[in-house]
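# Notes for the structure review
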Amino acid sequence: QVPLVESGGGLVQAGGSLRLSCAASGSISSHSMGWYRQAPGKERDMVARITAGRSAFYEPSVRGRFTISRDNGANMVYLQMNNLKPEDSGMYFCSGWREENTPELRQQYWGQGTQVTVSS
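What you see is a predicted model; the values in this text were computed from it and never measured. (Residues numbered from 1 in each chain as written. Predicted model: local features only at pLDDT ≥ 70, side-chain atom pairs only at ≥ 80, totals over all residues. Heavy atoms only, no water.)

### Section: the layout of surface pockets
Taken as a whole, the largest pocket holds about 180 Å³ of empty space. Lining the largest pocket, in full, are Arg 37, Ala 39, Lys 42, Glu 43, Asp 45, Met 46, Val 47, Glu 59, Ser 61, Glu 87 and Ser 89. Ranked by residue count, the leading element in the lining of the largest pocket is strand 5 (residues 45-50), at three residues. (1 Å grid on protein atoms, 1.4 Å probe; cavity = no way out; pocket = protein on both sides within 12 Å on 5 of 7 lines; lining within 4 Å. Points joined across faces, edges and corners; volume = space filled by probe spheres on them. Helix = DSSP H or I, 4+ residues; strand = E, 2+ residues; numbered from the N terminus.)

### Structural notes on the pattern of salt bridges
Where side chains of opposite charge bring their charged atoms close, a pairing between them can arise. In the structure shown here, the tally under the stated rule is two salt bridges. Here Asp 88 and Arg 37 are joined by a salt bridge, their closest N and O atoms 3.8 Å apart. Note that Asp 88 is positioned in the loop between strand 8 (76-81) and strand 9 (90-98) and Arg 37 in strand 4 (residues 31-38), a separation of 51 residues in sequence. As far as the burial class goes, Asp 88 and Arg 37 line up, both buried. One salt bridge connects Asp 88 with Arg 65, and the closest N-O pair in it is separated by 2.8 Å. In this pair, Asp 88 sits in the loop between strand 8 and strand 9 while Arg 65 sits in the loop between strand 6 (56-58) and strand 7 (66-71), placing the two residues 23 residues apart along the sequence. Taken as a pair, Asp 88 and Arg 65 share a single burial class, namely buried. A single salt-bridge network, built from bridges that share partners, covers Arg 37, Arg 65 and Asp 88. (Salt bridge = Lys/Arg side-chain N within 4 Å of Asp/Glu carboxyl O. Buried < 20%, exposed > 50% of the residue type's maximum accessible area, 1.4 Å probe, protein only.)

### Comments concerning the environment of Asn 72
As for its position among the elements, Asn 72 is in the loop between strand 7 and strand 8. Here Asn 72 falls in the buried class, since its relative accessible area comes to 18%. The spacing of Asn 72 and Val 5 is 67 residues in sequence and 15 Å in space, taken between C-alpha atoms. Contacts of Asn 72, omitting those with residues within four sequence positions, involve Ile 28, Ser 29 and Arg 54. (Contact = heavy atoms within 4.5 Å.)

### Some remarks on the sheet that holds strand 3 (residues 18-24)
Judged by pairing direction, the sheet is antiparallel, and its four strands sit side by side in the order 1-3-8-7 without closing on themselves. Two strands bound the open sheet, and with one partner strand each, they are strand 1 (4-7) and strand 7. The sheet shows a mean angle of 15° between the axes of neighbouring strands, direction not considered. Here strand 1 runs beside strand 3; their pairing, made up of four bridges, is antiparallel. Along strand 3, the bridge assignment pairs Glu 6 with Cys 22. (Pairing = 2+ DSSP bridges. Axes fitted to C-alpha atoms, helices over the stretch in contact; angles between N-to-C directions.)

### What about the side chain of Arg 65?
Note on Arg 65: relative accessible area 10%, which makes it buried. For Arg 65, the side chain forms a polar contact with the main-chain oxygen of Asn 83, separated by 2.9 Å. Setting aside residues up to four positions removed in sequence, Arg 65 forms contacts with Gln 80, Met 81, Asn 82, Asn 83, Leu 84, Lys 85 and Asp 88. (Polar contact = N/O pair within 3.5 Å; in protein donor to acceptor, adjacent residues only side chain to side chain.)

Listed below in structure tokens is the structure:
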């Protein structure tokens with residue numbers, strides 16, 4: 001279990017940019033990390049993830065606009081969000097998990113979230 005704290009959310013106009021940060025209090029170097037978004041009344045969906053080997057994957061709606069990155073030495077994960085759209089709005093959560101073969105061993109953990117609101 002590694003505590004995570006997200007920051008960087010806010011209110012922006014469509015077409016603007018934000019950079020979300022996720023600070024971990026322990027080592028994340030061997031973990032996959034991801035950003036999830038949850039809008040009111042909707043389920044929490046993965047937006048982007050990055051493996052310990054720095055392979056990145058994106059939900060199709062954000063591909064080409066968002067970039068996930070990590071700094072293992074600083075125990076930080078980032079989500080650069082460009083050309084924001086109103087449908088990008090929601091609570092963004094940082095998460096990490098062990099790269100194990102079974103869900104039981106993955107031990108996924110979460111931050112408290114940071115709000116992103118994109119106005120039209």
